[in-house]
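Coordinate analysis (summary)
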Amino acid sequence: MKKFFKIFSLAILIFSLSSQTTFAKSEMVEAFGTYVMDVKVDETLASGTARAREEAKRAAAEKAGVYVQSYSKMIDLELDYDEVKTVTAQLLKVQDGEKIETKTLDGGLIEIKVTIKAIVEFPNDEMLKTMMSDKQSLEEATAKYKVLEQEYEALKRQMAELKGEYKTANKIEKRQIKDAIAKNEKYFAALMELEEGNRYYFRKDYQNAIAAYTRSIEISFNFAEAYNNRGNCYAILKQFQPALQDLQTAVSYNSVDPRIHNNLGNVYLEMENYNAAINSYTQALNLNPNLFSAYFNRALAYSYLGQFQNALPDAQRAMQLNPADTDAQNLYNQIRRRI
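Residues numbered from 1 in each chain as written. Predicted model: local features only at pLDDT ≥ 70, side-chain atom pairs only at ≥ 80, totals over all residues. Heavy atoms only, no water.

Overview of the packing of helix α12 (residues 308-321) against helix α13 (residues 326-338)
The criterion, for reference: Helix axes are fitted only over the stretch in contact, all axes being lines through C-alpha atoms; the angle between N-to-C directions runs from 0 to 180 degrees. Secondary structure counts use DSSP, requiring at least four H or I residues in a row for a helix and at least two E residues in a row for a strand, with both numbered from the N terminus. Here roughly perpendicular refers to angles of 65 to 115 degrees, roughly parallel to angles under 35, roughly antiparallel to angles over 145, and oblique to all remaining angles. By definition, any crossing whose near helix is turned counterclockwise from its far helix by less than a right angle is left-handed, and any crossing with a clockwise turn is right-handed. Working rule for contacts: check all heavy atoms of both residues, and any pair within 4.5 Å makes them a contact. For this classification, Asp, Glu, Lys and Arg are treated as charged, while Ala, Val, Leu, Ile, Met, Phe, Trp, Tyr, Cys and Pro are nonpolar and the rest, including Gly, are polar.
Running from N to C, α12 and α13 cross one another at 155 degrees; their axes reach a closest spacing of 9 Å. Relative to α13, the element α12 lies roughly antiparallel. Read as a crossing pair, α12 and α13 show a hand that is left-handed. Residues F308, A311, L312, A315, Q316, A318 and M319 of α12 touch α13, and the partners they reach there are A328, Q329, L331, Y332, I335, R336 and R338. Partitioned by chemical class, the residues of the contact of α12 with α13 number ten nonpolar, two polar and two charged.

Right under this line is the structure:
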């Protein structure tokens, strides 16, 4: 059956970009990050360096954000602080030749400093306007980037707390703390691969995105976000069986994220299993009653079943949530004509 309506929200970090990109301008920024590792708790130099590098990347993105915001204003695009950070993270490219310095401190501590240079590349005016025109995708991408930041910060706080507890712990407690630190390092590595996958996703390089998400899953097998994002890649590539498997797995590990249910519904919709799609969209809306894409997609699924009376209120709600979206308006008008 030919799909005559647009399907939304098959992506976590995706913008509507042309396949050919030219660049009007680029800016080089330099930044550093530091991390103090503790050999007593079995932290490795590689892990400590990775954490310092991540701090450097955050500092570089903060600097580059000034250029992104200035450039967006120049072409009459108003972005808030979180949107600027999200876009900057996708445009920033770390260059080869980072500088790593270590300094031995008292008590088995080693301070690691990583200095990087990165280029923030700006698409031409038309490209950037296209990127920002899909507010739904931008909002979702921004939300995902904020979650990623929160996960990094949570790991940082946990590591600091574990190191503090280790100082006064007994022998058994120290062994438990070391195990917890090892798990912290493992999850941090999985997050880095997830972030790398998201960058490939942004550039529509889905094969490399799949490879990065797979590495993330191999590090942390129960990582729902990595399964969700990899499932989206498979869906975009029309590989619906692996997409279905990944998104079902993602739901099993995180059943309270409405985006995952919505994305699973999209795969069912593509596979023409419309009742299963409706069930997934309904679960998404139970978790987030204001999820535009789930209303739009459920209206679409009802339409394919010929249940236009059920489809109409969903299409109307989608239009109310995003009145500027022409696809939602067209969907609503077409359903009304069918009744």
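Anyway, onward from the coordinates.
Digging into empty space enclosed by the protein
The following threshold applies: Method remark: on a 1 Å grid restricted to protein atoms, a set of points is classed as a cavity if a 1.4 Å probe fits but cannot get out and as a pocket if it is open with protein on both sides within 12 Å along at least five of seven lines; lining residues have an atom within 4 Å of a point. Grid points are joined across faces, edges and corners, and a volume is the space filled by probe spheres set on the points.
On inspection of all chains with the given rule, the structure shows three cavities of 30 Å³ or more. Size it by volume and the largest cavity reaches roughly 110 Å³. Around the largest cavity, the lining residues are E54, K57, R58, A61, A89, L92, V94, Y145, E149, Y152, E195 and R199. Those elements that place two or more of their residues in the lining of the largest cavity are α1 (45-74), β2 (92-94), α4 (135-166) and α5 (171-202). Among the elements that take part in the lining of the largest cavity, α1 stands out by supplying four residues, more than any other.

A few points about helix α8 (residues 240-253)
Here is the rule we go by: A helix is expected to span 1.5 Å multiplied by its residue count minus one. For every residue, the accessible area obtained with a 1.4 Å probe (protein chains only) is divided by the maximum for its type, and the residue is called buried under 20%, exposed over 50%, and partly exposed between those limits.
Taking 1.5 Å per residue as the helical rise, α8 with its 14 residues ought to reach 20 Å, and the 20 Å between its terminal C-alpha atoms agrees with that figure. Residues F240, A243, L244, D246, L247, A250 and V251 constitute the buried set of α8. On the buried face of α8, the contacting elements are α7 (224-236) and α9 (258-270).

Here's the deal with the packing of aromatic side chains
Note the threshold: Pairing of aromatic rings covers Phe, Tyr and Trp, the last counted by its six-membered ring, and requires centre-to-centre distances within 6.5 Å; plane angles under 30 degrees mean stacked, over 60 mean edge-to-face, and any other angle means tilted.
Scanning the model with the defined rule gives eight aromatic pairs in all. Taking 5.2 Å as the distance between ring centres and 65 degrees as the angle between the ring planes, the aromatic pair formed by Y187 and F223 counts as edge-to-face. Taken together, the positions of Y187 in helix α5 and F223 in the loop between α6 (206-219) and α7 put the pair 36 residues apart, joining distant regions of the chain. Using a relative accessible area of 6% as the deciding quantity, one classes F223 as buried. These aromatic residues form a ring-pair network of at least three members: Y201, Y206 and Y213.

Nothing here speaks to function; it is all geometry.
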